[in-house]
Each structure stands twice: as C-alpha cells, then as structure tokens.
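A look at the structure
The lines below spell out each chain.
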Amino acid sequence: MSNLLASQPARTLLCGLVMLSGVAAFATGAQAQSQTNAQTLTKDNGAPVGDNQNSQTAGPGGPTLLQDVHLVQKLQRFDRERIPERVVHATGTGAHGTFTATDDLSDLSKARLFAKGTVTPVFVRFSTVIPGRSGAETTRDPRGFATKFYTQEGNFDLVGNNLPIFFIRDAIKFPDMIHALKPDPVTNVQEPERVFDFFSHVPEATHMLTRVYSNLGTPANYRQMHGSSVHALKLVNARGGYVYGKFTWTSRQGERNLRPGEIAAVQGKSTSHATVDLYDSIAKGAFPVWDLTVQIIKPEELDKFDFDPLDATKVWTGVPQRKVGTMVLNRVPDNFFEATEQVAMAPGNLVPGIEASEDRMLQGRLFSYIDTQHHRLGANFQSLPINKPLVPVVNNHIDGAANTSGRTGRVNYEPSRLAQVKEDPNARSSQLPLAGTTQQARIARTLNFQQAGEFYRALPAQERDDLIANLSGDLKRVKNQDSLYTMLSHFWKADADYGRRLVKAVGADGAKVATLAAGLKE
Ligand code: HEM
C-alpha cells in the first residue's frame, strides 16, 4: 500500500478539498490541481468555511445545532460516498493510453479506428471477477481486460478477459453461475460445494474450469497477461460485407502466472499487488504494451468446424492471427473513483464497422451492462468525463438525474422541420439472413470436452502438476458425492490421464468415474 501511495502524484492527495483561489472563483480541475497552497476551504455552494474543527453547539455543554450547514453537509456527502459496486468485476484498476492501428484492416472493417496509422486514446480497466470491491488480487479467477477506445466515430468498448473462452454459452445461465461462485448467502464464504454443485450440471464449463484452475487463473500481475474478446464480433466493410473476428491482446511483457506455492506469500504482503505493479511500472516509465490481433472466420465457414465458432466456450484452433495494432498504457488516473470506479464498459458500445455477433452470451451482455450502469451510476453515466465520447452526442435522450448536457433549443424530437439532424447511412447495420422459427434449444455442436483435453495435453509437465494440485484442492472439499463424481467424469472425459490423476488426488473410485465418463457425449 505504501508503494502505491508513493507512486501517485502528490496532487491526488489534495482531491478531497474543493479548492478556490482568491482570484479565480471557478478554477477548473487542472487549475485547482496546480495550486498547492493557500486555498480557502469551502462548502459545496462555494462559500468559505469558517471552522472545520468544531461543530456549532448551544454553549459549551449544549447539543449540536441543526443550523450548522457545513457539519450537516459534510456528513451528508460522506454518507453518500459509496455507489453500488459492480455486481461482478468489482475489484479493478485502470490506466490511460493509446492504441495505434499498425496494419490495414479496411478489407474487413470500415471502422476508422482500424485505419492504418490511426492513433486512438484508450482507457483500460483490469479486474478480478468474484470478490467484492477491494478483494485480493491473488484470487483464482479470470481477469477482466476491458478497453474503451475513444474513436472519431464514438466509443468502442472491447470488454474481454485474460482467458480466451468462458464457462457457459448462454446468457440465461449467467446469474445462476455468479450466484454459485459468489459467497454462500448463509456463511458469506465462497464454497466449492456450491460451485461444483452448479458446474456438475454444466459440462461445457470443463474447458474454462481447466484453464482457471491452471496457473492462468492466478496471473502474476495485470501487465504480464494476455487478453481476449472471448466472443466473435462482426467486422463490416464499406461494401456491407461481414466476417466474424475474435480478438487477442498479446502482452509484450510476456505471460507470468503465480504457482500454487507462491500465492500465499504474494497475498501476505499485499492484496493489491497487481494494482501496485501497474502503477509502479507506469511511474517508472516502463509502459506496458500489448499487440492486438484478430482471427477471422467467414460466415460461409461457420459450419466447417466440429464446434460452433459462436460458442464462447471454444477457442478457434488453427485459425491464423492477423495483426491489427498496438496499445501502450502510459498514465494512471488522477482520481481512482472518477475514472476507474465510474468507467462504464459495455459490449453494446460499438462503432460503424464493428457489430455484435449472434453469440448467445454476447447477445445477453448487450443488454446487461448498460442496464446495470443505469442502476450503478445513474441515467446520465455516459456524460461522466471518463465515459464521454470525444465526438459530440446529438440526440433527444434528455433530462434525468445529474444531467449536465448543456443542451439548448426547443426541438427535442425527431423528425422535425425546425431543427434537422440527419441519419448516417454508413452506420446502418449489416443484414443477417434468417430462416426458421423461434425456439429454446441448446446449440447443435456442443463439443463440451475435447478442447479441455487438448489444453491439458499441451501444458508443460510442471503446469499439469500445478493444475492437479489446484483443482483437487477444491474438489476435495465437495461433500456431495454426485457432484464430485460428475465433475471427475467431466475431466476424465476431457482426458483420461487428467481424470485419473484427479481421482487419485481426491481418493475417489476410478472405475466408477471411468464408467460415468464413458456415458458422456461430446
Ligand atoms: C451473459 C453473460 C454476462 C453477463 C450478463 C455479464 C454481466 C456483467 C455485469 C453486469 C458487469 C458489471 C458492469 C458494470 O457495473 O459496469 C460485468 C462486468 C464485466 N464483465 Fe461481464 N457479464 C457476462 C459475461 C462476461 C464475459 C463472457 C466476459 C469476458 C469476455 C465478461 C467480462 C466482463 C468484464 C471485463 C467486466 C468489468 C468491466 C469493467 O472493468 O468495468 N463478462 N459483466
């Protein structure tokens, strides 16, 4: 913690005060920050405070007076300092930087962000998923890797993770999955019993569980990890043609993860080690860099795979990566709350040339983020400085709490002869051919286990040992035998050696697990 404070600019520590110079009554944030002394303390209406040490009382021994507006206001504002934490990904840290498009992607996408040579400001927030705010950054979890690109055509958010896949493939399961992973509502402690009770019903999670219980589930810090969009997005070119693209961030710092024996030591020193690492690196001028690449699948190729490429539980094995650009993070926010806490990343923030695919998880996410942000940050959250696009916002979404739009004019509807705004044909969405009826059915090509086995076999021997130690440690705590044996059969089905080693580590009956595994379908 002391490292972190030392590496922050001194001005951050002044931010609790509303500063007023004797001359310029309306100092901007930047002006206020440059003034280091002789600031007059004020109330929220800007009037000077006479005494910030003693409440107004009725004489030396009497009660406190309600007329002490400064005292009341100070307590009122303090009482309201917290906003709801994110329902997931509550612990995080962020940094500003730039993204430079280094390669020409115009054959695939008309997004100006991807025109070779374009430099776009970005804000990135890294996070853990399950712990509440200020949770330990050593937690075994995927890591959020969310990037807001402030492009010339509006904001584009790439809200991904460090791992290239996800646990489930349909948004309808997300609230249940998070409930199972969050602390037990009785004990308030995360319980493997509940976690594996849920996942024993979700065979498609075998791949992600294998990755999360490998050392990839405990990255050494946020700089030395890769990132992924997880989902395919649609890249749309100027002719209206589209392809599916899955994005990957590759860290130039390399990838480094904590081994099981290292976690306690790191956590014992700091629960914010990854935040400290990022802030320290940027303060030293060692700016972290990632290369962005994209894998492309044409619509007519979707059926060629033995899995569904729009299933978020799958990697796109064998599909080449094409370079898109490079990102550097070079500045930490001056105010953690205003930037990192108030940033609203949303998969629905897209720009012309980038659209959502039909991935059933992504489709749910398009609604969920902007909805939760209305609740978490209020109706006008897109106007907060960290979320505000660089381009003007011109529409008739008006009023609401804490509105600062500065909008003028009588015409707050469209169409109108009195004040015309125009639509942009370039921003019309691409057209998806459809046939059939509405339905509620799982996808056809599930391939629930194969990629988990491929991942397991590709791990170096020591990493495989670590995976067995990490996973069996939690499986041993599952008391319900049906949950335990179902989980073991999923891992056995992925790879028999993987299953056998887990069975041995938890002391289960191998023959029974083998029989269960033999009954499973991919
Ligand atoms: C249907 C599935 C999902 C739902 C409903 C969902 C929902 C949410 C919600 C409600 C938040 C809090 C947002 C906020 O308060 O600003 C969030 C944060 C986040 N989610 Fe998801 N999520 C889903 C799947 C995923 C997947 C598959 C990924 C990775 C590709 C992901 C990555 C993230 C990240 C990185 C954040 C933190 C963003 C930030 O730093 O502010 N989520 N999610």
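Throughout this document, residue positions are counted from 1 along each chain, in the order its sequence is written. The predicted nature of this model means local features are confined to residues of pLDDT at least 70 and side-chain atom pairs, given and counted, to a pLDDT of 80 or more, with totals for whole chains, interfaces and linings taken over all residues.

Within an unreviewed UniProt entry, the label attached to the chain reads Catalase, and the organism entered is Pseudoduganella buxea. UniProt positions are given in the numbering used here, feature names are shortened, and annotations may be inferred rather than shown by experiment. According to its UniProt record, the chain has this under Sequence similarities (unreviewed entry): "Belongs to the catalase family." As recorded by UniProt, the Catalytic activity (unreviewed entry) comment attached to the chain reads in full: "2 H2O2 = O2 + 2 H2O".

Turning our eyes to something else, we now look at the overall build of the chain. A run of DSSP states H or I qualifies as a helix once it reaches four residues; a run of E qualifies as a strand once it reaches two. Both are numbered from the N-terminal end. The secondary structure content of the chain amounts to 15 helices and ten strands. For a compact globule the rule gives 2.2 Å times the number of residues to the power 0.38, and the radius of gyration it is set against comes from C-alpha atoms. The C-alpha radius of gyration computed for the chain amounts to 26 Å, which stays within 12% of the reference 24 Å derived for 522 residues, consistent with globular compactness. Its C-alpha atoms put the chain at 80 × 65 × 45 Å along the principal axes. Exposure classes come from backbone-placed C-beta atoms, where a residue is buried if 20 or more other C-beta atoms lie within 10 Å of its own, exposed if 12 or fewer do, and partly exposed in between. Sorting the 522 residues of the chain into buried and exposed places 37% on the buried side.

Note that the residue after E414, namely P415, is joined by a cis bond; omega there is 10 degrees. Of note, P415 is situated in the loop between helix 10 (360–377) and helix 11 (450–458). In the Ramachandran plot, S134 falls in the positive-phi region, its phi being about 65 degrees despite a non-glycine side chain. When you line up the elements, S134 lands in the loop between strand 2 (119–128) and strand 3 (143–151). Here S134 falls in the exposed class, since 11 other C-beta atoms lie within 10 Å of it. You will see that L447, though not glycine, has its phi angle at about 35 degrees, which is positive. Structurally, L447 is set in the loop between helix 10 and helix 11. The partly exposed category is assigned to L447, around which 18 C-beta atoms lie within 10 Å.

With that out of the way, let us pick up the nonpolar core. Ranked by size, the top nonpolar core spans 54 residues in total, and within it L113, V124, F156, L235, M345 and I354 carry the most contacts. Contacts are defined on C-beta atoms placed from the backbone: any two residues whose C-beta positions lie within 7 Å are in contact. What L113 contacts, discounting residues up to four positions off in sequence, is A101, T118, T120, F149, T151, F156 and V351. By size, the runner-up hydrophobic cluster in this structure holds 42 residues, among which are V195, A452, L484 and W492. Nonpolar cores are built from buried Ala, Val, Leu, Ile, Met, Phe, Trp, Tyr and Cys residues. These are joined into a set through C-beta atoms within 7 Å.

With that settled, consider the packing of helix 14 (residues 496–506) against helix 15 (residues 510–518). The N-to-C vectors of helix 14 and helix 15 enclose an angle of 145 degrees; their axes lie 10 Å apart at closest approach. Relative to helix 15, the crossing made by helix 14 is right-handed. Judged by residue contacts, G499, R500 and V503 of helix 14 engage G510, V513 and A517 from helix 15. Polarity classes work like this: nonpolar for Ala, Val, Leu, Ile, Met, Phe, Trp, Tyr, Cys and Pro, charged for Asp, Glu, Lys and Arg, and polar for all others, with Gly in that last group. For the contact of helix 14 with helix 15, the residue count by class is three nonpolar, two polar and one charged. What counts as an axis is a line fitted to C-alpha atoms, over the stretch in contact for a helix, and the angles between N-to-C directions run from 0 to 180 degrees. Crossing handedness follows the turn of the near helix against the far one: under a right angle anticlockwise gives a left-handed crossing, and clockwise gives a right-handed one.

So, on to the pairing of strand 7 (residues 242–251). Working note: regular strand, side chains alternate between the two faces of the sheet. With eight of ten residues buried, strand 7 lies mostly within the body of the structure. For two strands to be treated as a pair, DSSP must find no fewer than two bridges joining them. As judged from the two bridges shared by strand 5 (residues 227–228) and strand 7, these two strands associate in the antiparallel manner. Within strand 7, the residue paired with S228 across the bridge is T248. Of the strand pairs in this sheet, strand 6 (residues 233–236) and strand 7 are connected by four bridges, and their pairing is antiparallel. By the bridge assignment, V236 is partnered in strand 7 with Y242. The turn joining strand 6 and strand 7, which pair antiparallel and follow one another in sequence, is formed by five residues; a positive phi near 90 degrees is taken by G240. As judged from the eight bridges shared by strand 7 and strand 8 (residues 289–297), these two strands associate in the antiparallel manner. What sits directly across from Y244, in strand 8, is I297.

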